[in-house]
Structure formats: structure tokens, C-alpha cells
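# Remarks on the overall topology
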Amino acid sequence: MTELTSSAPSPTGSTPARNIGFYAAWGIFILAVVLLPLIFRSGGSHTTFSLIGIAAIFALSYNILLGQTGLLSFGHAVYYGLGGFLAVHGMNAIAAHGLPVPLPFVPLIGGFAGLMFGIVIGWVSTQRAGTVFAMISLGIGELVASSSLILRSFFGGEAGITTNRTDLPALFGWNFGPQIQVYYLIGFWLVISAIAMYALTRTPLGRMCNAVRDNPERVQFIGYDPHVIRYLSFCFAGFFAGIAGALAAINFEIANAAYLGAVQSGVVLFATFIGGVSYFFGPILGAIVVTMLQLELSDVTTVWQLYFGIIFIGIVMFAPGGLASLLMMHRPLVRAGTLSMILPAYLIAIVPTLLFACGVILTIEILAAYSQGNAASSTIRLFRIPFEAANPMTWLAAAVLTIGGFFVARMTWRGVTAAWDRAMTAARERGYHA
Amino acid sequence: MTNAIEMRAVEKAFGNVRIIQDLNLTVAKGERHAIIGPNGAGKSTTFNLISGHIAPTSGDITLNGERISGLRPFEINRRGLSRSFQVTNVFAKMTVWENIRCAVLWATGQRYAFWKNVDNLPEVRRRTAEILEDIHLTHRRDVPAGLLTYAEQRELEIGITIAGGANVIMLDEPTAGMSNTETDRAVALIRRLTEGRTLVIVEHDMSVVFGLADRISVLVYGNIIASGTPEEIRGNPKVKEAYLGEEEH
């Protein structure tokens, strides 16, 4: 369930305290979007923030399907990619014909492209939910991705289609050459899209999307056609995915086949799921984490996809509600003031858990060094400490950390569970429920 | 005056197996009609046929004089027929309030609106609050439906069914699995909430059936063998032989 729903005005008279929290959360979000690039001023961080913003819109749009309507799509990048291509063609046309359309309006081209393809493709693919929908989305994803290499005049083949965002008319003296200006363009659309997508969840259609997710059969017996609900949800998801795709095209000044491929569809699924599908802000968290992982991990290790996979499996197994659920679990404790009862247990548990993680990382890196055939010459740097991959002492360290860390961590996590129960019981006694 | 529900020569076959054959059933407007019969007689199938969950192989079903056989469930619901389910069938992750509100939305003309704030619809809010009050679940309004007790879920099930204001209500074993006190409560609830509407009910509990129904139809092997007032049914030798004779009554 969307927890933010309970923050909306309650039907039998609104509770001001909750409303303040609700508006404060949005206020902090908007402030963060505005202020972060002023605090972190390097060009690299502006690029990172831009990518996070794009990924956040894309993941939020995906969650309209997965979290709100219960539709598992393996081909959401189709609408992102087509939005990106249409935006690039639109920008080139605007520049070529000298049309008076400034860059900030270009994401709408992508949005309407995503919407149009959603309208066309969605009617058939949303006939059924579940496996049928998932398979059709996979099929259409492959279909569009392969046609992108065939229809060269539109998709530009392997190279893609390039554009130049500074060729468009300037707006208020901004020509969107510098990354910071592009960031604010993305931030503007992120805020607009997030508000619009949140508002969508608070409409009759948005509520019925949740009903279709929970029980499509019953929906039919309260007067609604689940197919129509899924279809409308799909169209909205396509629209916002198109906006994200257009922003990506603006950011990179190119659209290519990778935009609409299976990898892109997989990444948005990962981001949304890791962040948490049951809270509105979950996909934003997921977008931050996944974008950072993609950027940072690939710098420090050659097998970063492996870590990515392990993190994903870990979330699926141990926190199926994603990071957002992990955070929101603590809300009743914070409200009741019993959070301090579990913090010591967390601090104790974190040490062996980190040691265990270091053991796993060392093991993976040793194996990676051997499988790549350069073990003898390779040095693994873990927290600046060098380890020789071919040195038996390194193997021993890896084994001790992994096995010892695992058992100690398991013991300490039992302590966390016990502390959690105590804190929760105390919270209940003070009248706060999960 | 047209009848609320009429089934004429309805047949339903799955492959070669005819589970409903030559079914004729008439339910007058405003009457409380119970369908009884042994397990596997086709009671739930009859419900599914009327509510559009499955389409009849042949025959005619009308609702308030209008032909509804072959229509989709939501089309039939929009024409004023609402049904509950034998196995609790609610929106488990949504709150009690949201469950009822969803069931009110179509009836208040919201359709697929994506430009209105659902919390700012006074009529929806008022009707939802009324229904919650009616089913005694106001104090549980913010609890996810999946966390309710069994009896509460059954009450919510009835609430969702009546929330749309349909004039024909069909309840499939509403008291199944309930204790005696819970059953009494549920029967009183059903009696009150279906006042002035047509009620079709499938029920195994004979005290509920004979206490609630104006007319009873007995279904055996996909065929109505008798239809009449409780007294007529009680005295009917065919019914005694086929059904009541087998049960402690």
C-alpha cells in the first residue's frame, strides 16, 4: 500500500500533523532538487545528478505499472527509447526549420511519443495481466529493439541519431550548453512529473489501479473493466517514460538502440524493485542507488554486474519491499520514540556484517582475477588496503572474513531481531502500530 | 410487472459435461429468494451465470426485463446487479475504507476519472462513511482488508456488494464458516441492508434460509426441482427425498 496515501486529507476530517509531514516531505524533495548541485559543484556530480533525475522519472513511471497496477513489464524501455528518438528528431527539426520551440518543451515531444505508442501497443498487451502481460511486453520489447537496427533512417542503426541541444532557441538567456543548465531542466521535469504521478495515484483511476492490482476479478463486479484500467495506467506509464527518454536524449545529445533494449528495461525494473514498489518515493530511492552503483562500481571493479546481481537478489530475498519498506518499518518506532532501543543492536550487527561483506568481495575479486588470467600480477584494493590476489594469505583472509563474519553476523542479527521486538512492543504500548 | 431475474432454459456445458440443464428460475422484484441444494448441485454456477462470470451455452437470462446473458460482469453490474463471493474476495492490501470507496466509485459516476482528487468527492465520501457505519466497520476503517478477522472480512464482502446501490443483490454463502453469534449478526445485517431490494442468496444453513427467504428454489444436478414459499418447500416430497431427507433438520 502507498503509505503516502494516509498522509492525504483523511475522509472524516484532516489531521493537521500528518498534512504538515506530507507537505514537508515534498518541500524537502524540491529543495534537494534545487540545492544539491549548488552544494556539490563539480561537473561530475552535476552529470550524476542529471542521470539520477532521468532514472527517477523513468522508475516512477515504471512503478505506475508495477507498484500501482500490478503489471510486471519487461519492455518499458520501449516507451523511454521511442520518446528519446522522437525528441532527437524533434530537436533536429526545430533546429533545421528555426522553429520557436525552446529546449524545455522538448520533453513533451518524448512524452506524447511514449503516450502514442502506449495507446497503440497497450490495448492489446493489457488484455490480460500476469504472465501474459509480462510475455507480451518482452516480445514487443524485442520487436522494437530489433527494428531499431533495421529501420536505419529513423533509428540511425548502430550509431544512433545525434543532435545538438544548443541549436534550439535560448530561453531567458539559457542555451543549455553547460551541464548545470541541463540539470535544472531535468530537475524541473522531475518535480513536475513526480507531482503529476503522485496526483494520479490520488484520483479515482489511481485508486482503481490499486484495486486491479489486488483483485482484478472483484473489480469486474463493482462496475469496472479491469482491461480499461490497465490500459489507461499503461498509457500514463508510457507518457512519463517518454519524458524520461527525451531528457536522456537532451542530456546525451544522442538516441541509440541501447535506449529501448532489454538491458534498459531490466535496469528500470531493478531500480524500481530495489527502491520499493509499495511506497510512492521508493522508485526515487532505487533510481539514486542504481545510478550510483552503475557509475561508481564500474570504476572500482571489472565484475560490477555481479555485485549488482547479488544486491538485487539480496533485496528480493531479505527485503522484498525494497529500501523504502526497510526505512518505513521504523516509522512507528520513530513516532513512539523507541528507535533508540534498537540502535545499539544495529551498531553491533553492522561490524561483522561489513566484515562478512569484505570477505565476499575479496573472494569474488580473487576468483575474478584468476578467471581473467591475471591473478599473479593483480592487486585488489579494499579500503585502500592492497591485497595480492595470488597470495595464499589473501585467500586465508577472505575465507576467515567470509566464514567468521557470516557466523558472527548471524548471531548479532538475532540480537537485532530481539531488540526489534522489544522496541515494537514498547511502541505498541504507547499506542503506535505498524 | 417484470421480474428482477428470469432464467429461461439456461444450459451450461463444459465440453460434453452439462452441469446446468434446462434451468428455469424466476425471482420477483423485492423478494428474498434462497437457492438451496446439495453440494455440487450447481448453485455457485448459477450465480456465476447470472452475474456474467461465465456465459451460458444456451438460454436466456434477463435482469429487470433486459437480456443480460453474454454480457461481461461489469456491464451486468452497471445494470444494477451486484454479487458477493463464497470465498472472501476483497482488495487485501487496501484499507477497509478504500475497499468500500472503490465499490462506490462507479455508482457515483466517477468512471475512469484521472483529473479529480478522490479525497475531494463529497458524495463518495458520504456514501462510503454510510456503508462503513452500516456494516459496523467504521472503527476498522484504516486497517488493510487482509488483516481483518474472518467475520469482519465477510461483513466487508457484503459491504462491497451493496455499496454500489444495486437493486438486485446476490450473496453466495454469506455466513459460511461463521459461529452462531456471528451468523445471527450477519443475518440481521443482510435483512437490514437488503430492505427494499431484491435478494438472491445461496446458503447451507437451513435456519438462515427458512428465517430469511420469501421464496426458496431447490437445485439438484443443475436443475430446479421445486420453487415456492418456505412452507411449500418444507412439504414438498420431491425436495424431502432429494435434499432435506439427507440432512439433519
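Residues numbered from 1 in each chain as written. Chains lettered and ligands numbered in written order. Predicted model: local features only at pLDDT ≥ 70, side-chain atom pairs only at ≥ 80, totals over all residues.

### Overview of the environment of A287 of chain A
Residues and elements named next belong to chain A. Inspection of the secondary structure assignment puts A287 in helix α12 (residues 282–300). Sequence spacing of A287 and L60 is 227 residues, and the spatial spacing of their C-alpha atoms is 8.9 Å. With near-sequence residues (within four places) excluded, A287 lies in contact with I52, A55, A56, A59, A271 and G275. (Helix = DSSP H or I, 4+ residues; strand = E, 2+ residues; numbered from the N terminus. Contact = placed C-beta atoms within 7 Å.)

### What about the interface of chain B and chain A?
At the junction of the two partners, chain B supplies 36 residues and chain A supplies 27 residues. Per element, the largest residue contribution to the side of chain B that touches chain A is six residues, and it comes from helix α3 (residues 96–105) of chain B. Residue classes in the side of chain B that touches chain A are distributed as 20 nonpolar, eight polar and eight charged. (Nonpolar A, V, L, I, M, F, W, Y, C, P; charged D, E, K, R; others polar.)

### Remarks on the nonpolar core
Residue and element names in this part refer to chain A. Of all hydrophobic cores here, the largest spans 172 residues; its most connected members are A55, I57, F58, M208, F240, A244 and L247. By residue number, the principal contributor to this core is helix α10 (residues 226–252), which donates 18 residues. Once residues within four sequence positions are removed from consideration, I57 is found in contact with W189, L190, S193, F240, I243, A244 and L247. (Core = buried A, V, L, I, M, F, W, Y, C linked by C-beta atoms within 7 Å. Buried ≥ 20, exposed ≤ 12 C-beta atoms within 10 Å, placed from the backbone.)

### Examining the pairing of strand β8 (residues 198–202) of chain B
Residues and elements named next belong to chain B. Burial within β8 is extensive, with five of its five residues counted as buried. The side-chain alternation of β8 yields two buried faces, one formed by T198, V200 and V202 and the other by L199 and I201. Sheet analysis places strand β3 (residues 32–36) next to β8, joined by four bridges and oriented parallel. Its bridge partner lying in β8, R32 is registered against L199. Direction of pairing for strand β7 (residues 168–172) relative to β8: parallel, over a ladder of five bridges. Each residue of the ladder has a partner; that of D172, found in β8, is V202. (Pairing = 2+ DSSP bridges.)

### Quick word on the packing of helix α11 (residues 262–275) of chain A against α12 of chain A
All names here are of chain A. Taken N-terminus to C-terminus, the directions of α11 and α12 make an angle of 120 degrees; their axes are 6 Å apart at the nearest point. When the axes of α11 and α12 are compared, the pair comes out oblique. As α11 runs across α12, the sense of the crossing is right-handed. Contact residues: α11 offers V267, F270, A271, T272, F273, I274 and G275, while α12 offers G282, P283, I284, L285, G286, A287, V289 and V290. (Axes fitted to C-alpha atoms, helices over the stretch in contact; angles between N-to-C directions. Parallel < 35°, antiparallel > 145°, perpendicular 65-115°, else oblique. Left-handed = near helix turned anticlockwise from the far one by under 90°.)

### Some words on the sheet that holds strand β6 (residues 81–83) of chain B
All names here are of chain B. If you trace the six strands from one edge of the open sheet to the other, you get β6-β7-β8-β3-β9-β10, paired in mixed fashion. Because the sheet does not close on itself, it has two edges, and the strands there are β6 and β10 (223–228). The average undirected angle you get between the axes of adjacent strands in this sheet is 15 degrees. Helix α1 (residues 43–51) contacts β3, β6, β7, β8 and β9 (215–220) of the sheet and is inclined by roughly 150 degrees relative to β7.

### As for helix α4 (residues 106–125) of chain A
Spanning 20 residues, α4 of chain A covers 28 Å between terminal C-alpha atoms, matching the ideal 28 Å at 1.5 Å per step. A bend of about 35 degrees at I119 of chain A is the largest found in α4 of chain A. (Expected span 1.5 Å × (residues − 1). Bend = angle between axes of the 7 residues up to and from the residue.)

### A few points about the pairing of β10 of chain B
All names here are of chain B. When β9 meets β10, the two strands line up antiparallel, connected through five bridges. Paired with V220 across the strands is N223, a residue of β10. Taken together, β9 and the strand that follows it, β10, pair antiparallel across an intervening segment of two residues, in which Y221 is found at a positive phi of about 50 degrees.

### As for the confidence of the model for chain A
Residue and element names in this part refer to chain A. Looking at chain A as a whole, the pLDDT averages 91, with 95% of positions reaching at least 70. For chain A, per-element mean pLDDT is lowest for strand β3 (residues 379–382), which scores 76, and highest for α10, which scores 98. In this model residues 1–14 is a low-confidence stretch, pLDDT under 50, and it forms 28 contacts with partners more than four residues away in sequence or in other chains. (pLDDT = per-residue confidence, 0-100.)

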